[in-house]
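Listed here are the chains, written in short residue letters.
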Amino acid sequence: MSLFSNTTVLLSKELRTEFRSRELLTTTVVFILVVLILFSFSISPTTEESREFGPGLLWLAILFAASLMLQPCFLREQSNDTLSSLRLAVSDPFSIFLAKLAANTLFLMVTELIMLPFFAVFYNVPVLPEFSWLTLVLFLGSLGISIAGTALSAISAQARMRELLLPLLLLPLLTPVLVVSATVTVSLFDREPIVKGKGIAFLAVFDVVFLTALWLFGEYLLEE
Amino acid sequence: MSKRIGLGFVATLLVIASAYASFYIAPEERTMGLIQRIFYFHVSCAWAGFTAFFLCFIGNLLYVWKRAQKYDWLGVSGAEVGLAFTTVVLITGPIWAHPVWGIWWTWDARLTSTFVLWLLYVSYLLLRTLVEEPDRRALLSSLFGIFAFIDVPLVFGAIRWWRTQHPQPVIMGGQGSGLDPTMKMVFFFSAFAMHVLMAFLVAERYTLEKMQTETDLLAREVEAQ
Amino acid sequence: MTVTSFTIPPTGLRFENIDKRYGGRYALRRVSFEIEAGECAVLAGRNGSGKTTLLRIAGQIVRPTHGRLSFPGRTAGSDGNSRPGYVGHSTMVYDELTAEENLLLFAKLQKVESPAERAEGLLREVGLFERRTSLVRTFSRGMRQRIAIARALIHRPSVLLLDEPATGLDPLGITWLANSLRELNRAGCTVVMSLHGESEISALATRAVRLDAGNVIADTKTGASLHDILMFGSA
């Protein structure tokens, strides 16, 4: 299937480009760490409080990091006008988006997994017992962030003040992801099964809705 | 033009009438007293604002499909008017909350969601100021408007679910929870009045945008000579 | 450059009443003309006359506001991607990938048969085979032009569009370009390029059209001379 093979080819291009320089990953990991540490300086939580507020701060840090990490997504296609050559080369422009959002989700997850031990230590949260569920929430949340973020970075790349604009567009849009992911993550550390089921289903719905919207409107985002 | 003036006149009359009804026709609510009357205004504005955003959404969809400038005019008008009404909602909410609960903001599900809604459409308007070329501006803001609007139910759903985890005081004690028949009548009349006002404001803003665009076009053609 | 590796089905290029509007300004106004299959056509005009816009429309990168673009003679089911090849102001390849990786990427995306062989073959043809594992970031201006052309040709297009291809090239580069375009044109590829003034490259032209403020103001087909079209308004 053409869409699948084009997406794979483009995804390997995205990964190869990033792993050659690793600039995006390194800066994002460092950024999240700095944000998490700064949060704990300004709030100085007790152990009990850390456990309750930690997940919320974690997801906030992920959102901030993502809104920075997503900036170059379409900007880097502008310097040599490679966006035009990609558009000419692929039969379905959706493959461009799929490849980028897959790459972005992967980068976010790598960042989160690297940062998880630090989070566990600073905020005294037991990440190991519910690790598989935690990974699932991180995945669905990161996927949602990437889908919306990839779409919006295509928009902000065509406007002025794009560095400020992307977070402004993205953060309100991602409120559902922040709220639900944080709540589910808290419940994981408190072991409340009922909460996590509904929350995870909601995140899946968010992902499907925005992926569909991107599929329907993606080609217009790339129009010249 | 006279149709619009007529509409404005009717809208003003209706709003004044509904204000009168809120104060003098609706019975006083048992527990909250006078401050409860702001409910008619607050919820009517919320509904009218939401309808305005829906008009924006329709404009956005039509623009992406047909690429006629008039749909973009509808989009920006719906967004601005919707934002105006939503601002009123966000102000009247705390005005109600303070005498009743002693605090200005309670992170009530609906009000918080409305705040996010407000932020989304502020971003919509901000995006428009940052794209200079008119066709590009129309396309990009329409696409963002579409994403924003489909996000709205998700925002409301997520925040409501979040609040069930941490119950907080609810503004206005839950909408429509046992409204007396007279109250219901006053409410629907207020909602109707606000919608007429909204329609008038959208029409005015639409016309303004249309004239602005046409003037710009003329100015450019003159310059090109 | 040897281009005997493929046969090119002859394809022309037709513009019918093309308009392109940006906001209140028309970059192109009722542009209509046809380039015959196998011609080597030059688009001339001052900066801002609409040459780049017209070429981007021909390359199907930009959609016209009104009007129609067609390719007379293009048969359905012709080899690979039937879009024209486009060489723009930028290289349209990735700086952080090697020459080889770039060509492989575009070959695979466009479903070219035996992509690795095709990429290697093109690299040899444009004289970049020795530098195939170098990042494009390290290339000189002349080399960047060559990789851009290689990318444009990867899918064996029957129409090649070039936007001011001689910009920034040294005399050696210009000679190489002129020879390559001559070979391609001889093999049947329709070449359309925008140029400023007369040069080794403009000497290849069998047809020329001049644009001014988005309108066609002169055409060799209707009697204007190539020299006049290229040098018009430079005095």
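About the criteria used
Each residue is numbered by its place in its chain's sequence as written, counting from 1. Starting at A for chains and at 1 for ligands, labels are handed out in the order in which the entities are written. A pLDDT threshold of at least 70 governs which residues receive local features in this predicted model, and a stricter bar of 80 or more applies before side-chain atom pairs are shown or counted, although totals over entire chains, interfaces and linings include all residues. Here a strand is any run of E in DSSP of at least two residues, a helix any run of H or I of at least four, and the numbering for each starts at the N terminus. Here a residue counts as buried when 20 or more other C-beta atoms fall within 10 Å of its C-beta, as exposed when 12 or fewer do, and as partly exposed in between; the C-beta atoms come from the backbone. Any pair of residues counts as being in contact when their C-beta atoms, constructed from backbone geometry, are within 7 Å of one another. Residue ranges labeled as domains rest on an automatic or database domain assignment. Gly is put with the polar residues, along with every residue not named as nonpolar or charged; the nonpolar set is Ala, Val, Leu, Ile, Met, Phe, Trp, Tyr, Cys and Pro, and the charged set is Asp, Glu, Lys and Arg. Fitted lines through C-alpha atoms serve as axes, helices being fitted only where they are in contact, and the angles separating the N-to-C directions of these axes extend from 0 to 180 degrees. When an angle is under 35 degrees it counts as roughly parallel; over 145 it counts as roughly antiparallel; between 65 and 115 it counts as roughly perpendicular; any other value is oblique. Handedness of each helix crossing follows the sense of rotation of the near helix against the far helix: counterclockwise by less than a right angle gives left-handed, clockwise gives right-handed. Working rule for helices: expected span equals 1.5 Å times residues minus one. Here a strand pair is declared whenever DSSP counts at least two bridges between the two strands.

1. Structural notes on the overall build of chain A
Reasoning step 1: The helix and strand inventory of chain A stands at 10 helices and 0 strands.
Reasoning step 2: N-terminal to C-terminal, the α/β element order of chain A is α-α-α-α-α-α-α-α-α-α.
Reasoning step 3: When burial is assessed residue by residue, chain A has 50% of its 224 residues classed as buried.
Reasoning step 4: For chain A, long-range pairs separated by at least 24 residues make up 81% of all intrachain contacts whose partners lie at least 6 apart in sequence.

2. Regarding the domain arrangement of chain C
All names here are of chain C.
Reasoning step 1: Taken domain by domain, chain C comprises domain 1 (38–63 + 73–84 + 158–235) and domain 2 (93–156).
Reasoning step 2: Here the C-alpha centroids of domain 1 and domain 2 sit 23 Å apart.
Reasoning step 3: Counting from both sides, the interface comprises 10 residues of domain 1 and, opposite them, 10 residues of domain 2.
Reasoning step 4: Across the side of domain 1 that touches domain 2, the residue classes break down as 3 nonpolar, 5 polar and 2 charged.

3. Let's talk about the interface of chain B and chain A
Reasoning step 1: Listed per partner, the contact involves 26 residues of chain B and 26 residues of chain A.
Reasoning step 2: Elements that contribute at least two residues to the side of chain B that touches chain A include exactly α4 (109–129) and α5 (134–165) of chain B.
Reasoning step 3: It is α5(B) that provides the largest number of residues to the side of chain B that touches chain A, a total of 17 residues.
Reasoning step 4: A class-by-class count of the residues in the side of chain B that touches chain A yields 22 nonpolar, 2 polar and 2 charged.

4. What to know about the packing of helix α6 (residues 94–123) of chain A against helix α7 (residues 131–156) of chain A
Residues and elements named next belong to chain A.
Reasoning step 1: At their nearest, the axes of α6 and α7 sit 8 Å apart, and the two run at 135° to each other. Taken together, the axes of α6 and α7 are oblique relative to one another. Every pair of crossing elements has a handedness; the one defined by α6 and α7 is right-handed. Contacts between α6 and α7 involve Phe-97, Lys-100, Leu-101, Asn-104, Thr-105, Leu-108, Met-109 and Glu-112 on the former and, on the latter, Leu-138, Phe-139, Ser-142, Leu-143, Ile-145, Ser-146, Ile-147, Gly-149 and Thr-150.

5. Observations regarding the environment of Leu97(C)
Reasoning step 1: Inspection of the secondary structure puts Leu97(C) in the loop between β5 (85–87) and α2 (99–109).
Reasoning step 2: Each C-alpha atom, one on Leu97(C) and one on Thr190(C), is 30 Å from the other, the two residues being 93 residues apart in sequence.
Reasoning step 3: In this structure, Leu97(C) is in contact with Arg16(A), Thr17(A), Asn102(C), Leu135(C) and Val136(C), ignoring residues within four places of it in sequence.

6. Regarding the interface of chain B and chain C
Reasoning step 1: At the interface, 6 residues of chain B touch 4 residues of chain C.
Reasoning step 2: When residues of the side of chain B that touches chain C are traced back to their parent elements, those giving at least two are α5 and α6 (181–224) of chain B.
Reasoning step 3: Among the elements that take part in the side of chain B that touches chain C, α6(B) stands out by supplying 3 residues, more than any other.

7. Re the environment of Phe15(C)
Residue and element names in this part refer to chain C.
Reasoning step 1: Here Phe-15 lies in strand β1 (residues 13–22).
Reasoning step 2: Phe-15 sits in the buried class, given 22 other C-beta atoms within 10 Å.
Reasoning step 3: Each C-alpha atom of the pair Phe-15 and Cys-189 lies 18 Å from the other, and the pair is 174 residues apart in sequence.
Reasoning step 4: Those residues in contact with Phe-15 that lie beyond four places of it in its chain are Val-31, Ser-32, Phe-33, Gly-67 and Leu-69.

8. Section: helix α1 (residues 2–21) of chain A
Reasoning step 1: With 20 residues, α1(A) extends 29 Å from end C-alpha to end C-alpha; this agrees with the ideal 28 Å at 1.5 Å per step.
Reasoning step 2: Contacts made by the buried residues of α1(A) are with α6 of chain A together with α2 of chain C.
Reasoning step 3: Looking at the residues trailing α1(A), positive phi occurs at Arg22(A), about 55°.

9. Here's the deal with the environment of Glu48(A)
All names here are of chain A.
Reasoning step 1: Relative to the assigned elements, Glu-48 resides in helix α3 (residues 47–69).
Reasoning step 2: By the C-beta count within 10 Å, which is 9 here, Glu-48 ends up exposed.
Reasoning step 3: The sequence separation of Glu-48 and Leu-164 amounts to 116 residues, and the corresponding C-alpha distance is 35 Å.

10. A closer look at the sheet that holds strand β2 (residues 25–35) of chain C
As a general point, the strands of a sheet are linked pairwise by backbone hydrogen bonds and lie either parallel or antiparallel.
Residue and element names in this part refer to chain C.
Reasoning step 1: With respect to topology, 3 strands assemble into an open sheet ordered β2-β1-β4, the strand pairing being antiparallel. Two strands bound the open sheet, and with one partner strand each, they are β2 and β4 (66–70). The mean angle between the axes of side-by-side strands here comes to 20°, regardless of whether they run parallel or antiparallel.
Reasoning step 2: Sheet topology note: the β1/β4 ladder contains 4 bridges and is antiparallel. If you follow Phe-15 over to β4, its bridge partner there is Leu-69.

11. Things to note about helix α1 (residues 51–58) of chain C
An α-helical segment advances 3.6 residues per turn. Residues three or four places apart therefore align on the same side.
Residues and elements named next belong to chain C.
Reasoning step 1: Among the 8 residues of α1, 7 are classified as buried, and the element is accordingly described as predominantly covered.
Reasoning step 2: The complete set of buried residues in α1 reads Lys-51, Thr-53, Leu-54, Leu-55, Arg-56, Ile-57 and Ala-58.
Reasoning step 3: Looking one or two places after α1, you find Gln-60, whose phi comes out positive at around 65°.

12. Section: the sheet that holds β5(C)
Residues and elements named next belong to chain C.
Reasoning step 1: Reading across the sheet, the 6 strands line up as β5-β6-β7-β3-β8-β9 and stay open at both edges, with mixed pairing between neighbours. Strands with a single pairing partner mark the edges of an open sheet, and in this sheet they are β5 and β9 (215–219). When strand polarity is set aside, the average angle formed by the axes of neighbouring strands in this sheet is 20°.
Reasoning step 2: As defined by bridge partners, strand β6 (residues 159–163) adjoins strand β7 (residues 190–195) across 5 bridges and the pair is classed as parallel.

13. What to know about unusual backbone geometry
Residues and elements named next belong to chain C.
Reasoning step 1: One non-glycine residue, Asn-17, lies in positive phi territory at about 50°.
Reasoning step 2: The residue Asn-17 is located in strand β1 in this model.
Reasoning step 3: Phi at Met-92 is positive, roughly 60°, even though this residue is not glycine.
Reasoning step 4: Along the chain, Met-92 falls in the loop between β5 and α2.
Reasoning step 5: Owing to 25 C-beta atoms within 10 Å, Met-92 belongs among the buried residues under this scheme.

14. Considering the packing of α2(C) against helix α3 (residues 115–125) of chain C
Each packed pair of helices is defined by two parameters, the angle between the axes and the distance between the axes.
All names here are of chain C.
Reasoning step 1: Look at α2 against α3: their axes get within 9 Å of each other, and the N-to-C directions meet at 130°. The orientation of α2 with respect to α3, classified from their angle, is oblique. Relative to α3, the crossing made by α2 is right-handed. Here α2 contributes Ala-99, Glu-100, Leu-103, Leu-104, Ala-107 and Lys-108 to the contact with α3, which in turn contributes Pro-115, Ala-116, Arg-118, Ala-119, Leu-122 and Leu-123.
Reasoning step 2: In terms of residue class, the contact of α2 with α3 is built from 9 nonpolar, no polar and 3 charged.

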